[in-house]
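Each chain is listed here by its residues.
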Amino acid sequence: MHLDDIGLYVRIVELGTLSAAARERNVPVSQVTRALARLESQCGARLLHRSTHGLSLTDEGDTFLAHARRLLDTAAELQGELSGRIAGPSGWVRVSVSTIIAQTLIVPSLESLYERHPQLHLEISADDRIVDMAREGIDIAIRTGSPAGDTLVARQIGVLARRLYASPHYARRHGLPASIDALASHRLIANSANPGHNRWRLGAGREVREFGVRGHTRTDNTAVVLALVQQGLGIGRIVDIVAQPLVARGELIPVLPELAAEPPVPVYAVMLQERQRLPKLRACIDHWADWLARGGAPVSRAARGRSPRSR
């Protein structure tokens, strides 16, 4: 059996159709069909039922899928270990991340990541939704909060704090609230995708409470929240790593900073359990943990140690 055929079979199952697998590989559907027929002939069994309703696994196909995934993971781990020892981590890493974290963590850190590991390449999928990592072929998902799933492994790489901000333009037109209750009369930016983001914890000492936000404007994208706040369209909750540089430039103003009671949110790098030991994934995650620990400052060559090229 060809390892490439086995990998293609796994992607057919994960994507759900032969045509989707063909599009992903940029090959004709007939080529995918021949590869599947080749595997079934070698196995001496039908692996997939085809019907007008789509594809479904046979019992033999389900057994083959489990072994195929283990085989591919072992091959990837072996290749990664050997190439990592010789020339450092290499290859493509597909990363799923929210737009705002992509802009403030992933993109600013890339130059030093590529300097340290010149044979790495990233494909960034920027979206606030929670992705199906196996189905979409994601290597690392950067997520806040507690990740769930028996097939996933998460490593905490830092924490993010969220506070309330407004623009100077908004402050000139509407003023700023002097108390928690005064927020109710202001234009607030709400999150339409995650109701938990609309419960703002505010107060001091024992007088901490949740303020429920219905929103004058709503969006499902954290990057759009920032854009709305910058345009003076309301008060929004933004992560500090994004907001602080804008505050320093006079583009944003903290709102009720003395009453900010939101606990820091852990940031996790999430991987499929069977891929957590790949050197290229570990290299990215170690780099981002360093980056967040230094508050977004570039990681110096001395702090990183010698690059693989100098060993």
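Our subject is the structure that appears above.
What counts as what
- Residues numbered from 1 in each chain as written.
- Predicted model: local features only at pLDDT ≥ 70, side-chain atom pairs only at ≥ 80, totals over all residues.
- Heavy atoms only, no water.
- Phe/Tyr/Trp six-rings, centres within 6.5 Å; stacked < 30°, edge-to-face > 60°.
- Helix = DSSP H or I, 4+ residues; strand = E, 2+ residues; numbered from the N terminus.
- Buried < 20%, exposed > 50% of the residue type's maximum accessible area, 1.4 Å probe, protein only.
- Pairing = 2+ DSSP bridges.
- Contact = heavy atoms within 4.5 Å.
- Axes fitted to C-alpha atoms, helices over the stretch in contact; angles between N-to-C directions.
- Expected span 1.5 Å × (residues − 1).
- 1 Å grid on protein atoms, 1.4 Å probe; cavity = no way out; pocket = protein on both sides within 12 Å on 5 of 7 lines; lining within 4 Å.
- Points joined across faces, edges and corners; volume = space filled by probe spheres on them.
- Nonpolar A, V, L, I, M, F, W, Y, C, P; charged D, E, K, R; others polar.
- Core = buried A, V, L, I, M, F, W, Y, C linked by side-chain atoms within 4.5 Å.

Caption draft 1: The arrangement of the packing of aromatic side chains in detail. Summed over all chains, the structure comprises 1 aromatic pair. Note on Tyr-9 and Phe-64: the rings are 5.2 Å apart at their centroids and 75° apart in plane angle, and the pair reads as edge-to-face. You can see Tyr-9 sitting in helix α1 (residues 3-15) and its partner Phe-64 sitting in helix α4 (residues 59-87), a full 55 residues away along the chain. Residue Tyr-9 shares its accessibility class with Phe-64, and that shared class is buried.

Caption draft 2: Spotlight on the sheet that holds strand β7 (residues 162-166). One open sheet holds the 3 strands; their spatial order is β12-β7-β13, and the pairing between them is antiparallel. Every other strand in the sheet has two partners, leaving β12 (236-239) and β13 (253-254) as the edge strands with one partner each. Bridge analysis of β7 against β13 gives 2 bridges, and the strand direction is antiparallel. Paired with Tyr-165 across the bridge in β13 is Pro-254. This element, helix α8 (residues 222-230), spans β7 and β12 of the sheet and lies at about 120° to β12. Strands β7, β12 and β13 of the sheet are contacted by helix α9 (residues 240-248), whose axis makes an angle of about 100° with β12.

Caption draft 3: Representation of the sheet that holds strand β4 (residues 120-126). Ordered in space as β4-β3-β5-β14-β6, the 5 strands form an open sheet in which the pairing is mixed. Of all the strands in the sheet, just β4 and β6 (152-160) have a single pairing partner and so form its edges. Going from strand to strand, the sheet's axes swing by 25° on average, the running direction of each strand aside. Sheet strands in contact with helix α5 (residues 99-116) are β3 (91-97), β4, β5 (140-144) and β6, and its direction is about 175° off that of β4.

Caption draft 4: Region of interest: the pairing of β7. In terms of burial, β7 is a largely internal element, 4 of the 5 residues being buried. Sheet topology places β7 next to β12; 4 bridges connect them, and they run antiparallel. Within β12, the residue paired with Tyr-165 across the bridge is Gly-236.

Caption draft 5: Layout of helix α3 (residues 29-43). Its 15 residues give α3 an end-to-end C-alpha distance of 21 Å, which sits within 8% of 21 Å, the value for a rise of 1.5 Å per residue. Taken from the residues just after α3, Gly-44 is the one with a positive phi, measuring 70°.

Caption draft 6: Geometry of the layout of surface pockets. If you add up the space inside the largest pocket, you get close to 1,100 Å³. As for the largest pocket, its lining consists of 37 residues, and the residues nearest its centre are Arg-11, Leu-72, Ala-76, Asp-139 and Arg-275. Residue assignment for the lining of the largest pocket shows that the elements contributing at least two residues are α1, α2 (18-25), α4, β3, α6 (133-136) and α10 (279-293). Among the elements that line the lining of the largest pocket, the one with the most residues is α4, at 8 residues. Tallied by class, residues from the lining of the largest pocket come to 14 nonpolar, 9 polar and 14 charged. Considered as a void within the structure, the second largest pocket measures approximately 720 Å³ in volume. Taken together, 35 residues line the second largest pocket, and the ones lying closest to its centre are Asp-128, Thr-144, Arg-162, His-197 and Thr-222. If you list the elements that add at least two residues to the lining of the second largest pocket, you get β3, α5, β5, β8 (189-191), α8 and β12. If you tally residues by element for the lining of the second largest pocket, the top one is β5, at 4 residues. Of the residues contributing to the lining of the second largest pocket, the split by class is 18 nonpolar, 10 polar and 7 charged.

Caption draft 7: Structural detail: the nonpolar core. Within the largest apolar cluster, 41 residues are counted, with the highest numbers of intra-cluster contacts made by Leu-122, Ile-140, Ile-142, Ile-157, Ile-238 and Trp-288. The element that contributes the greatest number of residues to this core is α10, accounting for 8 residues. Excluding its chain neighbours within four sequence positions, the residues that come into contact with Ile-140 are Val-93, Arg-94, Val-95, Ser-96, Met-133, Ala-269, Val-270, Met-271, Leu-281, Cys-284, Ile-285 and Trp-288. Counting 19 residues, the second-largest nonpolar core is a separate cluster that includes Ile-6, Leu-15, Ala-20 and Leu-39.

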